Structures are given as structure tokens and as C-alpha cells.
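Given next are the chains, with one letter for each unit.
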Amino acid sequence: MLDLRFVRENAEAVKAGLSRRGVSLDLTEFLALDAKRRAVQQEIETLRRKRNEVSEEIGRLKKSGQPAEDKVAEMRAVGDTITALENSTREAEEAQRNILLTIPNLPHVSVPDGKDENDNVEIRRWSPQGEEPPKFAFEPKPHWDLAEYLDIIDFDRAAKITGARFALYKGMGARLERALISFMLDLHTMEHGYLEVLPPFMVNKTSMTATGQLPKFEEELFKVENGTYFLIPTAEVPVTNIHRDEILAEESLPVLYAAYTPCFRREAGSYGKDTRGLIRQHQFNKVELVKFSKPEDSYDELEKLTANAEEVLKRLGLPYRVIVLCTGDMGFSSAKTYDIEVWLPAQNKYREISSCSNFEDFQARRGNIRYKAKGGKKTELVHTLNGSGLAVGRTVVAILENYQQSDGTVIIPEALRPYMGGADRIVRRDGKS
RNA sequence: GGAGAGAUGGCCGAGCGGUUUAAGGCGGCGGUCUUGAAAACCGUUGAGCGAAAGCUCCGGGGGUUCGAAUCCCUCUCUCUCCGCCA
């Protein structure tokens, strides 16, 4: 959410910033509403002041046994006026907040202008051999064929159990998923300084609103039927909300959390996209990194966060590139986003495996997350950041495709072997390969 | 699921219709003392809006009243006991 006062005083700058995103916003009604609301607020406060003073006087009169009937009657009328004005202003307040909640964040100056994903800008590439991904001596198979041959993921039975876009992991497949979660969490907690948390997988409406999923994107969420909770679409939601309505001490910043959670997404509007395989699922696992930082440090923290996520791919020896999303492709709450894309040889392209964003104070304002400088007088909003470190299912995809052998078996990256009971290769359970 | 008790500033905790403009303690900050620290003592210290005057905030929402932290209704959460349960 943008600052109400900032919008009022910088309406043109706000419109200009949003137009970079391809969003055109008419603020005339909003500003008129705001002016009227503030005028009424002034009136209410003047009346309240009068009521406070006279009520105090009534108290004194009654105590000393003097009559106060006329003043009581007068204040009864004032009270009625206040109630009427409050009712009219409440509506205006709500209308204003509802508008503010649907305005996306302003892009940072360093974000390139652009319309859609075609205008994103590549920043760097990495591969075990330098920059370019290695060439295969044979035609690399898609991960779903490999998974079926190795009998480690069963999409048909998952469809029977639940429906489309779900997966049943088996044997070394299930173990690989679990190994990756442990590997990622160990790296981030033991080497990158994050604190591991395991949050609830369902959250309330207030939490969803603070991080920006609500009120605008409810159609992306699963809502539980017997209550008011939503399944989390990312750990960003529960973890960022850890400090909702709190004032953090300056010396505790930055606060760094790493969390494994499953994520649940409706994927409305993506019919026909990535229908085969693990790429786009209604339920997937993710290790998420979340930071709370001082405003002046947040862009340095974004670079570090992105590097922390990249380190997972480096340790696993998976080729990737980093791109910066253009203004038109960024998420609603973000001021700047880097996507990390991993190389998938069977698709012959890079696919998103992590998204690292600085939200500046956009989420902090919605969630009222502040900090106070040591000895300082004012509280200030923190900046929030997060990034995948990494999406686990897509990491499985990348390992299967990049480490596949011509016989259909898959080499296990060395860094992962301690988590796989020492195994160095995924083979069929019947021994055939 | 049943019965009861609660929710007050960073934390603990008093207040239960009108000097609460929220006591007191802890913690924080500043100072005196000290070679330094501790202890002791003194001072200071909640949040939001507003240019200011001032207004608002005692879990959320609603009500009673001239006036609500205080009374009523309702919701949420916490705790204790009982029952059930992985």
C-alpha cells in the first residue's frame, strides 16, 4: 500500500510511476474524497474537544451539587452531531482504503521499463563450465519421461487421488524432494545466517492482505470451506506476518528467516500451460527466504538474498541465469524483482526457479511492521524482502533433466549425496536401467 | 465438545463511570558517583493523525451515558479444569 499522504501530495508522480507498469490510474475521485474526509475529520475533532471540556465541567458541577441539566442537554445534541459525522466519514475512510489496497507498488528507478516478459533484462549467466550450459551428446528427455521410467513420480495416481496438477512422489523421488529441502535449509541457516521457521500452512484474511494477495488476487487462492482461512500460496505470507503490528529494535535488523512450506495455488488462468510434469502444480514445496531490513539497506539486502538463492544452484551444479523483471512483468507488491531461471535442456530454455523481490515499505505499511532506531524518537516502516531459495519441485525437474544419462538413469549431484544416504545415482528399483 | 477465568504501553501489573492528562515495577536512554563497571541515587521513556491547537488508541466490533479502560452485547484469542483425540 502506498502512503495516503504521499499519494495526496504527489499524485502526478504516483500516476507517472504506475504508468511505467502500464497501469493508468484516475485519482480525481480519490483526491476529492480525501479532501472532504479531512474537512469532516476537522469538524469532528473540534466538536469532540468541546464535548470533552464541557463533560469535565459537568462532572465538577455534579460533584459540588450544582445543576447541570442545560449543559447535559447541549452535549447530548453535540454527541448526536458527532455520531452523524462519524458515520459519514467512516464510509469515506473505507472507500479510500479500498482504493489504496488495490494500487500496485511503484517500481524502483533501476527497474527497466517494459510491457511484458519479453522486455526483462538478463543480468548474468552461470554454468559449471563458465556461462553457457553444457551440450548433450544425446537427445535429453523431458523430466516426466525420466520420472516415469525411473518410477519416482506418479502423475496418474495423483490425478486419481486428487486431480490434475498434483504429484505422487515415490522411492528415490520422494527422497530427493526431502533431501533438497534439508540441503537448502542447512545451507541458508548454517552458512547464510537465516533462522529456520516452520509456520502455519493456513493463514487468515488479515495476513493475506498485509502481503498483498488480498483483496485483489483471491481467485489465485484456495480458501478452506469451514472457516475463514486460506491455504498459503507461498511461505512469504505467514513468515512476513510474523512481525505484523510489531515494532522491531533497530539492532535486530536485518531479521532473516528461512522456511520450508508447501504452497497451494489455484493457477486460474493458466489452463493449457505446462500441463505435463512438475513445473506447474496446485501444491508444491518451496524453501523461502524472508528479510526485514532498514530502508537504507534494502537494496544491498536484495543483492545478498539473490546471491543466497543462486548459491543453491551453484552447489548443485545447475546452469542458470538471473534476469531483472521489467516494470510491466513485476508482481503487484514488488518495487524490484530478480528472477533466477534454471536451464532445462529438454525444453531448451531457462525456466523460473526463484523470484527475489524488494517490497520496500509496501507490505510493511499494510502489515504495520515498524522499527525504532536506538535512542530515536520516531518509528519507521521496515522494508520487507523475500525470495525462493528455491522452489523444490522445479529443482527436482532441473536435476533430472541436467543430470540424466543416456541410459535413463540420473546422477545425484555430489552436494546432495549425504542427504540421499550416500547414493550417487537414481536407478530403477528393479535394477534394470 | 462442556465449565470457568482473563486480554491494559517493549515486558510485568494497578485501575472497575468524572484530578487516568493510564499508578507502580522491570527493561531502555541520559546523568551523579566511580580508574572503569556494578550497585545506589536523580531525570527521562507508548503509538497514530495534525502546521499547531488538539483529537484518537486500554484485544476487535457494536451499544448505554453529558462523560467509558471501567457498565452491556458480540466476536477473536489466551489460560485452568473435564471429556475426546494424533
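In the block above lies the structure referred to throughout.
Residues numbered from 1 in each chain as written. Chains lettered and ligands numbered in written order. Predicted model: local features only at pLDDT ≥ 70, side-chain atom pairs only at ≥ 80, totals over all residues. Heavy atoms only, no water.

(A) View of helix H2 (residues 11–20). Here H2 has its buried residues at Ala11, Val14, Gly17 and Leu18. For H2, the buried positions fall inside an angular range of 130 degrees around the axis, keeping them on one side. Remark: Gly22 follows H2 within two positions and exhibits a positive phi of approximately 85 degrees. (Buried < 20%, exposed > 50% of the residue type's maximum accessible area, 1.4 Å probe, protein only. Helix = DSSP H or I, 4+ residues; strand = E, 2+ residues; numbered from the N terminus. Arc of directions from axis to C-beta.)

(B) Quick peek at the side chain of Lys291. Looking at the element boundaries, Lys291 is found in strand E9 (residues 283–293). Residue classification places Lys291 among the buried positions, given a relative accessible area of 1%. In contact with Lys291, other than residues within four places in its own chain, are Tyr194, Val255, Leu256, Glu301, Lys304, Leu305, His383, Thr384 and Leu385. (Contact = heavy atoms within 4.5 Å.)

(C) Examining the protein's contact with RNA strand B more closely. Taken together, 21 residues sit near RNA strand B, with Ser55, Arg76, Arg370, Lys372 and Thr379 positioned nearest. Among atoms of RNA strand B positioned within 4 Å of the protein, sugar and phosphate together represent 79%. A distance of 2.7 Å separates a base nitrogen of RNA strand B from a polar backbone atom of Ser55. A distance of 2.3 Å separates a phosphate oxygen of RNA strand B from a polar side-chain atom of Arg76. Contributions of two or more residues to the surface near RNA strand B are made by helix H3 (28–63), helix H4 (69–101) and strand E13 (369–372). The greatest single-element share of the surface near RNA strand B, amounting to 10 residues, is contributed by H3. Split into classes, the residues belonging to the surface near RNA strand B amount to four nonpolar, five polar and 12 charged. (Near = heavy atom within 4 Å. Polar contact = N/O pair within 3.5 Å; in protein donor to acceptor, adjacent residues only side chain to side chain. Nonpolar A, V, L, I, M, F, W, Y, C, P; charged D, E, K, R; others polar.)

(D) Quick look at the pattern of salt bridges. According to the stated counting rule, one finds 34 salt bridges in the structure shown. The partner of Arg60 in a salt bridge is Glu56, and the shortest N-O contact between them spans 3.8 Å. Of this pair, Arg60 and Glu56 both sit in helix H3, four residues apart, roughly one helical turn. The exposure class assigned to Arg60 is exposed, which follows from its relative accessible area of 53%. A cluster of three or more residues bridged by salt bridges with shared partners is formed by Glu122, Arg125, Glu132, Arg321 and Glu341. (Salt bridge = Lys/Arg side-chain N within 4 Å of Asp/Glu carboxyl O.)

(E) Summary view of the environment of Pro262. Secondary-structure assignment places Pro262 in strand E8 (residues 255–264). Separated by 61 residues in the primary sequence, Pro262 and Phe201 place their C-alpha atoms 7.4 Å from one another. If sequence neighbours within four positions are ignored, Pro262 has contacts with Phe201, Ile232, Phe284 and Asn285.

(F) Region of the structure containing the packing of helix H7 (residues 172–191) against helix H12 (residues 392–402). Following both chains from N to C, one finds H7 and H12 inclined at 115 degrees, their axes separated by 10 Å at the closest point. Taken together, the axis directions place H7 and H12 in an arrangement best described as roughly perpendicular. Crossing handedness for the pair H7 and H12: right-handed. In this structure, H7 uses Leu176, Glu177, Leu180, Ile181 and Met184 to contact H12, whose residues at the interface are Val392, Gly393, Thr395, Val396 and Ile399. Tallied by class, the residues present in the contact of H7 with H12 amount to seven nonpolar, two polar and one charged. (Axes fitted to C-alpha atoms, helices over the stretch in contact; angles between N-to-C directions. Parallel < 35°, antiparallel > 145°, perpendicular 65-115°, else oblique. Left-handed = near helix turned anticlockwise from the far one by under 90°.)

(G) Inspection of unusual backbone geometry at higher detail. Looking along the chain, the bond that leaves Leu253 and enters Pro254 is cis, with omega of -5 degrees. Following the sequence through the fold, Pro254 ends up in the loop between strand E7 (246–249) and E8. Looking along the chain, the bond that leaves Gly389 and enters Leu390 is cis, with omega of 10 degrees. At Asp245, a residue that is not glycine, the phi angle is positive and equals roughly 60 degrees. With respect to the helices, strands and loops of the structure, Asp245 is situated in the loop between helix H9 (236–240) and E7. We note that Asp274 has phi near 50 degrees; this positive angle belongs to a residue other than glycine.

(H) Expanded view of the sheet that holds strand E14 (residues 379–381). With mixed pairing, the three strands of this open sheet are ordered in space as E7-E13-E14. The open sheet is flanked by E7 and E14, the only strands paired with a single partner. Strand-to-strand, the axes of this sheet are offset by a mean angle of 40 degrees, without reference to chain direction. Pairing of E7 with E13 involves four bridges; the strand directions are parallel. Among the inter-strand pairings, Glu246 is bridged to a residue of E13, identified as Ile369. (Pairing = 2+ DSSP bridges.)

(I) Structural detail: the side chain of Ser207. Relative to the elements of secondary structure, Ser207 occurs in helix H8 (residues 205–211). Filtering out sequence-adjacent residues up to four positions away, Ser207 remains in contact with Val237, Asn241 and Arg244.

These figures come from the coordinates and say nothing about function on their own.
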